Amino acid sequence: MMDGLVSGSMVRVELGDKSYEIAIAPGSLDELGYRMAQLNLGNKVLVVSNPEIADHYAERAIASLTNAGFTVFSHLLPAGEQYKTLDSIQTIYDCALEHRLERSSTLVALGGGVIGDMTGFAAATWLRGINFVQVPTSLLAMVDASIGGKTGVNHPLGKNLIGAFHQPRLVLVDRQVLKTLPEREFRAGMAEVIKYGVIWDLELFGLLEKQTRLDRFESVPPQLLNLILTRSCEAKAQVVSEDEKEAGLRAILNYGHTIGHAIEALTGYEQVIHGEAVAIGMVAASKIALKMGYWGQDWDQRQLALIEKTGLPTRIPSEVTIDSILDSLQTDKKVKSGRVRFILPTEYTEAKITDEVSEDILREVLASLGAC
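Basis of the calculations
Residues numbered from 1 in each chain as written. Predicted model: local features only at pLDDT ≥ 70, side-chain atom pairs only at ≥ 80, totals over all residues. Heavy atoms only, no water. Salt bridge = Lys/Arg side-chain N within 4 Å of Asp/Glu carboxyl O. Helix = DSSP H or I, 4+ residues; strand = E, 2+ residues; numbered from the N terminus. Buried < 20%, exposed > 50% of the residue type's maximum accessible area, 1.4 Å probe, protein only. Polar contact = N/O pair within 3.5 Å; in protein donor to acceptor, adjacent residues only side chain to side chain. Contact = heavy atoms within 4.5 Å. Pairing = 2+ DSSP bridges.

A. Up close: the pattern of salt bridges. In the structure shown here, the tally under the stated rule is 24 salt bridges. Residues Asp144 and Lys236 are paired through a salt bridge, measuring 3.5 Å at the closest nitrogen-oxygen approach. Placement of the pair is Asp144 in helix α5 (residues 139-145) and Lys236 in helix α8 (residues 222-242), with a sequence separation of 92 residues. For Asp144, a relative accessible area of 10% gives the class buried. Between Glu359 and Arg363 there is a salt bridge, and its shortest N-O distance comes to 2.8 Å. Placement of both Glu359 and Arg363 in helix α13 (residues 359-368) is noted, with a separation of four residues, approximately one turn of the helix.

B. Representation of the side chain of Ser219 within the structure. Tracing the chain through its elements places Ser219 in the loop between α7 (202-210) and α8. Taking relative accessible area as the criterion, Ser219 reaches 15% and is therefore assigned buried. From its side chain, Ser219 meets the backbone oxygen of Arg216 in a polar contact 2.7 Å long. Among all residues touching Ser219, those that are not within four sequence positions of it are Gln211, Arg213 and Leu214.

C. How the structure looks around the pairing of strand β5 (residues 106-111). The buried fraction of β5 is high, at six of six residues. Burial along β5 is two-sided: Thr106, Val108 and Leu110 and Leu107, Ala109 and Gly111, pointing in opposite directions, are all buried. Where strand β3 (residues 44-49) and β5 come together, four bridges link them in parallel fashion. Each bridged residue has a counterpart across the sheet, and for Val45 the counterpart in β5 is Thr106.

D. Region of interest: the side chain of Gln303. When you line up the elements, Gln303 lands in helix α11 (residues 297-309). A polar side-chain atom of Gln303 sits 3.0 Å from the main-chain carbonyl oxygen of Met282. Setting aside its immediate chain neighbours within four residues, Gln303 contacts Val198, Phe205, Tyr255, Met282, Val283, Ser286 and Trp295.

Pasting the structure below:
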């Protein structure tokens, strides 16, 4: 056991007997085993990661778990959204079977959102559900993907169409691991932070506006980064606690994701990565909201300026067609009775869920952002 834990903040996701803590503290990766031991989990642990992340952090994570008395195995998956498939899940199942993981055993996701989604889905479905711990290593996963229990994989025609809700037992956020995160991935994570500022936390939005640069880890002071992590996790935890399975309120967290997911799928999940697609999707949603009178030109320009300051794309790749986006939208999980539901911003940090966006408005906005 450790004499004490490094100082940080704790955010609780209140879900009755499925409640859990998000522990946010620099250096906390080395406390993984101690914190998991306090949860009375079974002895066997399978750590799932990818080669790039494992080279940096698997040894520390495994050592922490071993020192806490766990029997630890590991499994590596290829890096990249294009590998977020049922074939990859099968390899986790094979490893779980090889090491005789039991219902009391735990899968640990050491990586970004892709690793977290796949590991969580494997945990949700192996033996009809086993323990699952998130150790996010990307900004996007820290502030969004690791929280809330959404797990799954992609179908060739749409993102995250195959999945399950399965809440983690713990989310461990160590900002120090962001030092090795590629700048492009850091910027992608900032898209989700901006999302919270627009739909939930006006104070956070203002703080981001005041910062000179937001495009790289080194440009964000540690105190501000701690605040970004904590406020974003608090926002996600509040929404999830009120609406675990997206029956209503939680849908607002998909702000920017409706068109964003379509762009991701249409560019093969490589040319435009998730956070970049969300940024483009937020720009599009803002333009739609402007045309429908939900918010004004000032807010539209403030959001655009913040996204541009982060170095994120704001236009749709020129080879993506309007018709292909409209077709892709019909496979979105939020489609109800054949109508696409959009999450649109309104003034004063609120969001509106609507299925009343006309095709004419949608085509006009998509064309203005570069779709052909």
